[in-house]
Amino acid sequence: MAACRRVPLLLLMSVFLYMHPIRGQKSANSVIANTAVRVNIQAQNQAAVPAAVNGGSPVVAASPPRRRTSGWKLAEEGACREDLTRLCQKHSWNNNLAVLECLQDRKEETEIAADCNHLLWNYKLNLTTDPKFESVAVEVCKTTISDDVHSQGEVIACLEKGLVREAEEQPGAHAIRPDCKKAIMRVAELSSDDFHLDRYLYFSCREDRERFCENTPAGEGRVYKCLFNHKFEEAMSEKCREALTTRQKLITQDYKVSYSLAKACKTDLRKYRCSVDTNMPRAREARLSYLLLCLESAVHRGRTVSGECQGEMLDYRRMLMEDFSLSPEIVLHCRGEIEAHCSGLHRKGRTLHCLMRVGRGDMGTIDNLCQKALQTLIQEADPGADYRIDRALNEACESVIQTACKHIRNGDPMILSCLMEHLYTEKMVEDCEHRLLELQYFIARDWKLDPILYKKCQGDASRLCHAHGWNETSEMMPPGAIFSCLYRHAYRTEEQGRRLSRDCKVEVQRILHQRALDVKLDPELQRRCMTDLGKWCSEKTESGQELECLQDHLEELVSECRDVVGNLTELASEDIQIETLLMRACEPVIQSHCHVTDLTDHFSPSLSQECLVQNKHQKEMNDKCAVGVTHFQLVQIKDFRFSYKFKMACKEDVLKLCPNIKKKVDVVLCLSTTVRNDTLQDVKEQRVSVKCRKQLRVEELEMSEDVRLEPELYDSCKQDIGRLCQNVAFGNAQVIECLKENKRQLTQRCHHRVFKLQEVEMMDPELDFQLMRVCKQMIRRFCTEADAKNMLQCLKQNKNSELMDPKCKQMITKRQITQNTDYRLNPVLRKSCKADIPKFCQSILNKATGDSELEGQVVSCLKLKYADQRLSPDCEDQIRVILQESALDYRLDPQLQIHCTDEISRLCPEEAAAQEQTGQVEECLKVNLLKIKVEGCKKEVLNILKESKADIFVDPVLHTACALDIKHQCAAIPPGRGRQMSCLMEALQDKRVRLQPECKKRLQDRIDMWSYAAKVAPAEGFSDLAMQVMTSPSKTYILAMIGLSVCILFLFGLLCGRMTKRLMQEQKDR
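Numbers given to residues run from 1 along each chain, matching the order in which its sequence is written. Local features in this predicted model are restricted to residues of pLDDT 70 or higher, and side-chain atom pairs are both shown and tallied only at a pLDDT of 80 or more, whereas totals for entire chains, interfaces and linings draw on every residue. By convention in this description, side-chain values take in all heavy atoms of the structure and omit both hydrogens and water.

- In the nomenclature of an unreviewed UniProt entry, the chain is known as Golgi apparatus protein 1 of Oncorhynchus kisutch.

Considering the overall build of the chain
- The helix and strand labels rest on DSSP assignments: H or I over at least four residues marks a helix, E over at least two residues marks a strand, and numbering proceeds from the N terminus. Along its length, the chain carries 62 helices and zero strands.
- The rule is simple: take the accessible area with a 1.4 Å probe, protein chains only, and divide by the maximum for that residue type; under 20% is buried, over 50% is exposed, in between is partly exposed. Looking at the chain as a whole, 52% of its 1070 residues qualify as buried.

A word on the environment of Met 356
- Looking at where Met 356 falls in the secondary structure, it is placed in helix 21 (residues 350-359).
- Assessed through its relative accessible area of 0%, Met 356 is described here as buried.
- Spatially, the C-alpha atom of Met 356 lies 8.0 Å from that of Tyr 441, the residues being 85 residues apart in sequence.
- By the convention used here, residues are in contact when the closest approach between their heavy atoms is within 4.5 Å. Residue contacts for Met 356: discarding those within four places in its chain leaves Met 321, Leu 374, Ile 378, Glu 438, Leu 439 and Phe 442.

With respect to the packing of helix 13 (residues 222-229) against helix 14 (residues 238-253)
- Viewed as axis vectors pointing N to C, helix 13 and helix 14 meet at an angle of 115°, and their least axial separation amounts to 11 Å. What the angle tells us is that helix 13 and helix 14 run roughly perpendicular. Crossing geometry of helix 13 relative to helix 14 is assigned as left-handed. Across the interface between the two elements, Tyr 224, Leu 227 and Phe 228 of helix 13 pack against Leu 244, Arg 247, Gln 248 and Ile 251 of helix 14.
- Residue polarity is assigned by list, with Asp, Glu, Lys and Arg as charged and Ala, Val, Leu, Ile, Met, Phe, Trp, Tyr, Cys and Pro as nonpolar; anything else, Gly included, falls into the polar class. Of the residues assigned to the contact of helix 13 with helix 14, the class counts are five nonpolar, one polar and one charged. Only the stretch in contact is used when fitting a helix axis, every axis being a line fitted to C-alpha atoms; angles between N-to-C directions are given from 0 to 180 degrees. By definition in this entry, angles of less than 35 degrees are roughly parallel, angles greater than 145 are roughly antiparallel, angles of 65 to 115 are roughly perpendicular, and the rest are oblique. Throughout, a crossing is termed right-handed when the near helix is turned clockwise from the far one, and left-handed when it is turned anticlockwise from it by less than a right angle.

Describing a nonpolar patch on the surface
- On the surface, Leu 1039, Ile 1042 and Val 1046 cluster together to form a nonpolar patch covering roughly 260 Å² of accessible area.
- Within the secondary structure, Ile 1042 sits in helix 62 (residues 1035-1069).
- A residue is classified by how much of its surface remains accessible, and Ile 1042, at 43% relative accessible area, is partly exposed. Only residues whose relative accessible area exceeds 30% and that form no salt bridge are eligible for patches; like-charged ones are grouped when within 9 Å, while nonpolar side chains (Val, Leu, Ile, Met, Phe, Trp, Tyr) are grouped when within 5 Å. Each accessible area is a Shrake-Rupley result for a 1.4 Å probe, and residues are judged covered by the shown protein chains and nothing else. One side-chain nitrogen of Lys or Arg within 4 Å of one carboxyl oxygen of Asp or Glu is enough to make a salt bridge.

A closer look at the environment of His 341
- Turning to its location among the elements, His 341 is positioned in helix 20 (residues 335-341).
- Residues in contact with His 341, not counting those within four places in the same chain, are Cys 354, Val 358 and Met 363.

Remarks on the environment of His 434
- Take His 434: it is sitting in helix 26 (residues 430-443).
- In this structure His 434 comes out as partly exposed when scored by relative accessible area, which is 32%.
- Note: C-alpha distance between His 434 and Arg 357 (77 residues apart in sequence) is 8.5 Å.

Some words on the nonpolar core
- The biggest cluster of nonpolar side chains holds 96 residues, and the ones touching the most others in it are Leu 288, Leu 295 and Leu 419.
- Discounting residues that sit within four places of it in the chain, Leu 288 has contacts with Ile 251, Thr 252, Tyr 255, Leu 261, Tyr 316, Met 319 and Leu 320.
- Note on terminology: a nonpolar core comprises buried Ala, Val, Leu, Ile, Met, Phe, Trp, Tyr and Cys residues joined through side-chain atoms within 4.5 Å. Ranked by size, the runner-up nonpolar core spans 33 residues in total, among them Leu 907, Ile 932, Leu 988 and Cys 999.

As for the packing of aromatic side chains
- Whether two aromatic rings pair depends on their centres lying within 6.5 Å, for rings of Phe, Tyr and Trp, where Trp uses its six-membered ring; planes under 30 degrees apart make the pair stacked, over 60 edge-to-face, and the rest tilted. In this structure the tally under the stated criterion is six aromatic pairs.
- Between Trp 447 and Tyr 454, the ring centres sit 5.2 Å apart and the planes meet at 45°, which makes this aromatic pair tilted.
- Taken together, the ring pairs in this structure connect Phe 195, Tyr 202 and Phe 203 into an aromatic cluster.
- Charges are assigned to positions over rings by a cutoff of 6 Å between ring centre and Lys NZ or Arg CZ, combined with an angular limit of 35 degrees from the ring normal. Geometry around Phe 730 places Arg 708 over its ring, the cationic atom sitting 4.2 Å from the centre.

Details of unusual backbone geometry
- Positive phi, close to 50°, is recorded for Asp 382, a residue that is not glycine.
- Along the chain, Asp 382 turns up in the loop between helix 22 (368-381) and helix 23 (391-396).
- A relative accessible area of 2% means that Asp 382 is categorised as buried.
- Non-glycine residue Asn 732 carries a positive phi angle of around 60°.
- Mapped onto the secondary structure, Asn 732 falls in the loop between helix 41 (711-724) and helix 42 (734-741).
- Residue class for Asn 732 comes out buried when judged on its relative accessible area of 12%.

Describing the pattern of salt bridges
- On inspection of all chains with the given rule, the structure shows 52 salt bridges.
- In this structure, Glu 220 engages Arg 222 in a salt bridge whose closest nitrogen and oxygen atoms are separated by 3.1 Å.
- The exposure class assigned to Glu 220 is partly exposed, which follows from its relative accessible area of 36%.

Thoughts on the side chain of Ser 886
- Checked against the element boundaries, Ser 886 lands in helix 52 (residues 873-888).
- Exposure remark for Ser 886: the relative accessible area of 6% places this residue in the buried category.
- Residues in contact with Ser 886, not counting those within four places in the same chain, are Lys 863, Leu 892, Asp 893 and Glu 922.

Looking at helix 51 (residues 857-867)
- Across the eleven residues that make up helix 51, a large majority, nine, are buried.
- Gln 869 sits one or two residues past helix 51 and shows a positive phi near 60°.

Brief notes about the state of the cysteines
- By disulfide we mean two sulfur atoms from cysteines, separated by a distance within 2.5 Å. This structure, assessed with the given rule, holds 24 disulfides.
- Between Cys 274 and Cys 294 runs a disulfide, and the two sulfur atoms are separated by 1.7 Å. Residues Cys 274 and Cys 294 are joined through a disulfide that is left-handed, its torsion about the S-S bond being -70°. One end of the pair, Cys 274, is in the loop between helix 16 (266-271) and helix 17 (288-300); the other, Cys 294, is in helix 17, with 20 residues separating them in the sequence.
- Classification of Cys 294 by relative accessible area gives buried; the value is 10%.
- Across the disulfide, Cys 970 is cross-linked to Cys 983 (sulfur-sulfur distance 1.9 Å). Measuring handedness by torsion sign, the sulfur bridge of Cys 970 and Cys 983 sits at about -95° and is left-handed. One end of the pair, Cys 970, is in the loop between helix 58 (963-969) and helix 59 (979-989); the other, Cys 983, is in helix 59, and 13 residues separate them in sequence. Take Cys 970 and Cys 983: they sit in the same class, and that class is buried.

Side note on helix 9 (residues 154-167)
- What a helix is expected to span follows from its residue count: subtract one and scale by 1.5 Å. With 14 residues, helix 9 extends 20 Å from end C-alpha to end C-alpha; this agrees with the ideal 20 Å at 1.5 Å per step.
- What helix 9 keeps buried is the set Val 155, Ile 156, Ala 157, Cys 158, Leu 159, Glu 160, Gly 162, Leu 163 and Val 164.
- Just past helix 9, the residue Glu 169 takes up positive phi, approximately 55°.

Some points on the packing of helix 22 against helix 26
- Where helix 22 meets helix 26, the axes come as close as 10 Å, and the angle between the chain directions of the two elements is 95°. As judged from the angle between their axes, helix 22 and helix 26 are roughly perpendicular. Residues Gln 371, Leu 374, Gln 375 and Ile 378 of helix 22 lie in contact with helix 26, whose contacting residues are Leu 439, Tyr 441 and Phe 442.
- Class assignment of the residues belonging to the contact of helix 22 with helix 26 gives a composition of five nonpolar, two polar and no charged.

Considering the confidence of the model for the chain
- Confidence scores labelled pLDDT are given residue by residue by the predictor and lie between 0 and 100. Looking at the chain as a whole, the pLDDT averages 77, with 77% of positions reaching at least 70.
- Within the model, the stretch residues 519-523 combines pLDDT values under 50 with 14 contacts to residues more than four positions away or in other chains.
- In this model residues 596-607 is a low-confidence stretch, pLDDT under 50, and it forms 23 contacts with partners more than four residues away in sequence or in other chains.

Some points on the side chain of Gln 895
- Residue placement: Gln 895 occurs in helix 53 (residues 894-907).
- Those residues in contact with Gln 895, other than ones at most four positions away along the chain, are Glu 855, Gly 856, Gln 857, Ser 860 and Glu 940.

Structural data, given as structure tokens:
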């Protein structure tokens, strides 16, 4: 407060009014007698005061005062004798300031002589010239201001600003004593009729007064009001704007600081007991907010408030909406929100609307105290009664009102209702839409803020809901609960009793209808779902949320509401234009991808809905549209009727094959199971019609896009999704892919569901959304003629093509790895090896449980039998393909992955890190066979060596090295069963044949490896031994030696047999 330097007269006047009571205190008389400056009446009649009163140029100082004796009193002046006798009680005549207060207050009610009026005006002005009053002011406010004082009202201005800072709890604010606060407010009150008396404001706004209010006469606060109305003009000086804002803030703390408001509403305040304690200007009753709430309550109750008072109230309600800083609670509690979101938007109510937008949740979170302060301000300003109070709304919606609501009287409360009815129509402009929704958000949370609803329903609310007065609140029955109570009584039967009145019921319907306009709900839904709207969706006041809320709670709705919401949703699936919000949000996508140039044209709505789903992830798709489409898909799974084309295509099939099933996901499962069974059994005539099968395919593809569209899978894996895929967005099957990649970490229930899903996708790759999306272009390039169920097979065949997209190639590899983990995920292998699997691998099947995966054990078993050449031709062909693929990429061999992960990291890190998989990892393991420490890994590598003897294609490194030799030396020998490998071995032993050096070296390495393998892994049985012999390079020598041994044994048997026979005969003869 070091900036406070001067205390003019008016502060002193209020000080004495506070310090010297009217009744019998001689000290007041003595102080006045010893300090007051005497006024020359003749001089003042000729001086500047009349000019000021009549609106001429203001005169700052009156004529030189004439000193009188210390006993001079205003009551002794003849100019005021008659008025004093008529208006003021005699006991107050000895106190000059008591006389001044009496005449100042009573002149509003009756005419006071012009000479007396001039005397009072000059008396107030000239009191500033006596330093003794300054000393008294410094004494009263000595803890607040410094002793260094000077003129021009700067001390009062500084004290007023200090008072405001304290009220707003600004950082660095000084505490001001209560008596000093009252003195400051009294000074502001006594200067309220003429702006010349507020010296700081007068000097700050002299030029602005000449610019904006030149023709406005001084007196009765007219200049103040004129300047207030121009406060936010660009030409207004910042110093004047600051001074005006300070005075407005004082008015919000004490309405008497506004002369015009206090005068216009004095009678009404007394009539409705809004100013109980007039001796306490800083009491609760003196605050502008209390006055407005009290008188607005009277108006809303149908009481009569004078037109002049209502006009003043309108001005100050507009003032509160225009400048948020006039509300200390907003400044105090919303400081963080203003700094974070709304800085630089001070003028014309923009900051307040910005805070409303924050309160709606459009720009982040808002503090509860700030939200409450905003709600209180909206109640004080009551813009629902007259939209013009909200300047930002008025300016934004002026064009809409002139076109859509021109039939309604200007200022009528129905204007807001009219604007709500035209929300999202062609007549609505975006800026108006935003301002309207921001205001409506708060109006919707307090039933009293809709004046028409309050007028029609205040009796019902009091009778049925224990509602209090308009400006009273109750924690037991908050405003939001009142409206909930009203709608609960809206459709009670006569037997239930206590129903709403007809007029109130109509208004409750209107309010619910306005809320529903966000999504264009029809009157039928309003009539039938009133209970559910209040029960489930009372807080869903943002645009479009009510219908979504009802759809989300479809199962919990009452039957008649469920029917109408179901019918509306069913109709929306048939005609997308009913979904107005969705249409507006998705307009770019519709125009870009759905071949619609004019949204008002009659186009195929079901096609557009299907188109939106198909183009859900296009670049034109915004978040709002994507959320809307996904929500509609989630709603559709609740009832198959909500999918128009599916309903029309499959209605008869559902009735015949899936009776009593309503949920779409269950219907799709029922029909798809029927189609699958008919296909597997090769029935001549499918039970599901062709048109239904076609649409069923569309529905299955849509469901594969989002895990939430598979309720059983989603419910089973919700915990795993939160644990493993919490940062993965829904849509594009990304969550499903995340679950697949983390399959080993899933809970048993979720793992089972994911496995079943993969089993279905492998049987029908078109349902694999990620595969179809990533490989969309490659499918068009390589697999246009392939059947949908052979799509993955086609992609695998073209995987190593130079034209193959790397991302698609990576996705194909993922699916190959999945297929090799369990034979059940490879339908082609499963079918080809149908007889071989139980024949050779039954022990593995016996150990496995139904929910567990086999981790490639069956495939490994079949690989070994392939090496033994014991598989059926069809199964052998499939295993050969798997062997060739896994030989190039070790990741396709699950058992090798499981047992050799650590060894690969230790022995072959460079080969494993290579982007191109060409069999180098397997070759590295073969070369480092002696260094492998893990027995399981060593066994797998030995199996690879064994498999490579059966077919050279299984050994890609050897095949590459010997490709030219195979072409020259073994061209006539068909591949398979080790034939080409035997051919190369014979060529290696034949000295006449010259093999390529690399091929020769690789063959010799393989012989050494096989020899080592034979030592460390001897034959496990006769069949294994026979196989080793037949695949051995020395097969001829071995077979010859075996034949020779058999011949020798035969001859020996002949000789020994004859000798044995002779001995037995001799014994018999005995």
